[in-house]
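Each chain, letter by letter, is given below.
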Amino acid sequence: MYPNQDNLCILALETSCDDTGAAVMINGKIHSNVVATQEMHARYGGVIPEMASRAHMVNIVPVVEEAMKIAGVTLNDLHAIVYARGPGLMGSLMVGSTYARSLALGLGIKSLGVDHLKAHVLAHFIDGKGPEFPFLNLLVSGGHTMIVKVESPNRMEIIGKTADDAAGEAFDKCAKLLGLPYPGGPWIDRHAQKGNPKAFAFPESRMPSYDYSFSGFKTAVRYFLQDHSEKDPGFISRNIDDICASVQDSIVNYLLKIFKEAAKHENIRAVAISGGVSANSSLRKAFEQLASELGLPAFIPKFEYCTDNAAMIAMAGHFALLDGQLDAPDAMPYARNDADF
Ligand code: KG4
Ligand code: ZN
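Parameters and conventions
Residues numbered from 1 in each chain as written. Chains lettered and ligands numbered in written order. Predicted model: local features only at pLDDT ≥ 70, side-chain atom pairs only at ≥ 80, totals over all residues. Heavy atoms only, no water. Near = heavy atom within 4 Å. Polar contact = N/O pair within 3.5 Å; in protein donor to acceptor, adjacent residues only side chain to side chain. Areas by Shrake-Rupley, 256 points an atom, 1.4 Å probe, with all protein chains shown as cover. Helix = DSSP H or I, 4+ residues; strand = E, 2+ residues; numbered from the N terminus. Nonpolar A, V, L, I, M, F, W, Y, C, P; charged D, E, K, R; others polar. Phe/Tyr/Trp six-rings, centres within 6.5 Å; stacked < 30°, edge-to-face > 60°. Buried < 20%, exposed > 50% of the residue type's maximum accessible area, 1.4 Å probe, protein only. Lys NZ or Arg CZ within 6 Å of the ring centre and 35° of its normal. Salt bridge = Lys/Arg side-chain N within 4 Å of Asp/Glu carboxyl O. Expected span 1.5 Å × (residues − 1). Bend = angle between axes of the 7 residues up to and from the residue. Contact = heavy atoms within 4.5 Å. Axes fitted to C-alpha atoms, helices over the stretch in contact; angles between N-to-C directions. Parallel < 35°, antiparallel > 145°, perpendicular 65-115°, else oblique. Left-handed = near helix turned anticlockwise from the far one by under 90°. Donors = N, O, S within 2.8 Å, 3.2 Å for Na, K, Ca; no water. Tetrahedral: all angles 85-135°; square planar, octahedral: opposite > 155°, others 65-115°. Pairing = 2+ DSSP bridges.

Caption draft 1: Region of the structure containing the site of ligand 1. Taken together, 20 residues form the shell around ligand 1, and within it Gly142, Asp172, Asp189, Gly276 and Asn280 come nearest. His116 places a polar side-chain atom, nitrogen or oxygen, 3.3 Å from an oxygen atom of ligand 1. Within the backbone of Asp308, one N or O atom sits 3.0 Å away from an oxygen atom of ligand 1. Notes on ligand 1: free accessible area 550 Å², of which the protein chains cover 88%. Contributions of two or more residues to the shell around ligand 1 are made by helix 3 (116-122), helix 4 (167-177) and helix 5 (185-192). Tallied by class, the residues present in the shell around ligand 1 amount to six nonpolar, eleven polar and three charged.

This is the structure in structure tokens:
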């Protein structure tokens with residue numbers, strides 16, 4: 001039973017990709033948020049799904065134990081266990097969902113799978129009041145790029161999305177072309193701070209309505225680097241900071257240009273940004289600037305709530321449980337969420 005906000009103690013699990021996360025939320029407040037990041041994927045230049053599942057298997061028990069210990073709760077204190085149900089890597093999702101549902105069954109408490117993307121959007125409500133509704137959220141992660149209109153914690157609509165690569169993928173693929181480690185977003189961010197964002201120009205694709213496309217941009221960067229490196233093998237190493245700053249500037253400007261059009265046309269009370277790419281320093285700055293031009297309050301999560309974490313799963317679970325949602329007996333993880341949001 002979790003009749004109201006005053007006695008709701010939740011354990012939350014995040015295992016959708018390569019981060020094993022556990023968090024404890026009591027009465028809507030975060031009491032612990034533990035993440036074990038799987039470093040080994042860097043060696044392969046991307047996430048290897050089978051290795052990610054195996055690492056989740058190894059990490060999940062110690063991560064949960066640590067989260068419970070930090071929060072000072074025992075299994076008997078829990079009212080529900082929530083977990084990321086999808087989208088994500090199926091093997092990884094299976095680890096979290098199976099663990100959560102079995103533990104809940106054993107304890108005689110409820111379980112609930114929540115949408116990972118909705119959780120990224122609801123990260124604004126962790127440790128604070130969050131934006132007023134309705135608000136417009138730019139969700140930019142390694143696997144997704146979308147503009148979401150949020151009417152309430154349990155009612156949101158995607159009004160624009162990428163037709164191909166996500167913004168995080170664009171960062172990561174450009175970083176790979178530059179010989180930087182995976183995930184490349186933070187590396188581009190770091191180099192960009194020393195470079196000239198207007199040194200090189202890259203094209204952007206105009207899509208219908210508020211949609212994005214990054215495939216043309218990525219190809220343009222690849223040919224640009226190939227052409228210059230053929231003529232001058234030292235081109236990349238000598239210009240790495242300027243190239244990173246220019247790549248970053250193009251991605252940030254493109255993301256915000258479309259988002260601004262959407263924000264102007266929608267009747268909203270706030271603008272917000274979330275997902276792993278919202279950790280980007282240039283995007284955070286430019287987003288604040290955009291919000292002030294629009295005359296709307298801006299919401300950007302703390303760094304630890306931008307990339308994958310279980311606190312946001314707890315937040316989404318908290319809202320959904322108060323809304324009366326529970327797992328159906330046959331609830332299964334899902335790799336994609338095209339059908340429903
Ligand atoms: O939300 P997230 O942790 O995982 C997914 O759900 O995909 O996002 C990971 C993505 C990666 O593509 C990573 O390169 C990007 O977020 N990222 C960044 C920065 N920090 C993380 N991209 C640009 N600048 C950053 N500082
Ligand atoms: Zn994510």
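Caption draft 2: Representation of the packing of aromatic side chains in the model. For the structure shown, the criterion picks out 13 aromatic pairs. With centroids separated by 5.8 Å and ring planes inclined at 65 degrees, the aromatic side chains of Phe200 and Phe235 adopt a geometry described as edge-to-face. On the criterion of sequence distance, the pair formed by Phe200 in the loop between helix 5 and helix 6 (215-231) and Phe235 in helix 7 (residues 235-265) is long-range, its members being 35 residues apart. The class of Phe200 is buried, set by a relative accessible area of 19%. Between Phe259 and Phe287, the ring centres sit 5.6 Å apart and the planes meet at 50 degrees, which makes this aromatic pair tilted. With Phe259 in helix 7 and Phe287 in helix 8 (residues 281-294), the pair connects residues that are 28 residues apart, well separated along the chain. Residue classification places Phe259 among the buried positions, given a relative accessible area of 0%. When its relative accessible area of 0% is taken as the criterion, Phe287 is described as buried. Here the aromatic residues Phe200, Phe202, Phe217, Phe224 and Phe235 are joined through ring pairs into a cluster of three or more. Cation over ring: Arg284 sits above Phe303, and NZ or CZ is 4.1 Å from the ring centre.

Caption draft 3: Broad picture of the pattern of salt bridges. Enumeration according to the criterion identifies 14 salt bridges in this entry. For Glu151, the salt bridge goes to Lys149, with nearest N and O atoms at 3.9 Å. Look at Glu151 and you get partly exposed, because its relative accessible area is 29%. A salt bridge links Lys257 to Glu204, with the shortest nitrogen-to-oxygen separation between them at 2.5 Å. On the criterion of sequence distance, the pair formed by Lys257 in helix 7 and Glu204 in the loop between helix 5 and helix 6 is long-range, its members being 53 residues apart. When its relative accessible area of 41% is taken as the criterion, Lys257 is described as partly exposed. Residues participating in the shared-partner salt-bridge network are Asp165, Glu169, Lys173 and Lys218.

Caption draft 4: Representation of helix 1 (residues 49-71). An ideal rise of 1.5 Å per residue puts 33 Å on 23 residues; helix 1 measures up with 31 Å between its terminal C-alpha atoms. Residue Asn59 marks the point of greatest curvature in helix 1, where the axis turns by about 40 degrees; the proline Pro62 follows within four residues. Residues of helix 1 that are buried: Ala52, Ser53, Ala55, His56, Asn59, Ile60, Val63, Val64, Ala67, Met68 and Ala71. Contact partners of the buried residues in helix 1: strand 1 (9-14), strand 2 (19-26), strand 3 (29-37) and helix 2 (90-107).

Caption draft 5: Quick look at the packing of helix 7 against helix 8. Between helix 7 and helix 8, the least distance of the axes is 10 Å, while the angle of their chain directions is 25 degrees. Classified by the angle their axes make, helix 7 and helix 8 are roughly parallel. Where helix 7 crosses over helix 8, the handedness of that crossing is right-handed. Along the contact surface, helix 7 presents Gln248, Val252, Leu255, Leu256, Phe259, Lys260, Ala263 and Lys264, while helix 8 presents Ser282, Leu283, Ala286, Phe287, Leu290, Glu293 and Leu294. Across the contact of helix 7 with helix 8, the residue classes break down as ten nonpolar, two polar and three charged.

Caption draft 6: Region of interest: the coordination of the zinc ion (ligand 2). Looking at the metal site, the zinc ion (ligand 2) is ligated by His116 (NE2), His120 (NE2) and Asp308 (OD), spaced 2.0 to 2.1 Å from it. One can describe the donor arrangement at the zinc ion (ligand 2) as irregular, given that its four donor atoms subtend angles of 95 to 142 degrees at the metal. One chain supplies every donor for the zinc ion (ligand 2), spaced along it as H-x3-H-x187-D. Taken as a pair, His116 in helix 3 and Asp308 in the loop between strand 10 (298-299) and helix 9 (310-322) lie far apart in primary sequence, 192 residues in all. On the basis of relative accessibility, which here comes to 6%, the residue His116 falls in the buried class.

Caption draft 7: Summary view of the sheet that holds strand 8 (residues 155-161). With respect to topology, five strands assemble into an open sheet ordered 8-7-6-9-10, the strand pairing being mixed. Pairing within the sheet leaves two strands with one partner each, and these edge strands are strand 8 and strand 10. Sheet topology note: the strand 6 (residues 135-140)/strand 9 (residues 270-274) ladder contains five bridges and is parallel. Residue pairing across strands places Leu138 opposite Ile273, the latter belonging to strand 9. In the packing of helix 7 onto the sheet, contacts are made with strand 6, strand 7 (145-152), strand 8 and strand 9, and the angle to strand 6 comes to roughly 160 degrees.

Note that all results are geometric; they support no functional claim without further evidence.
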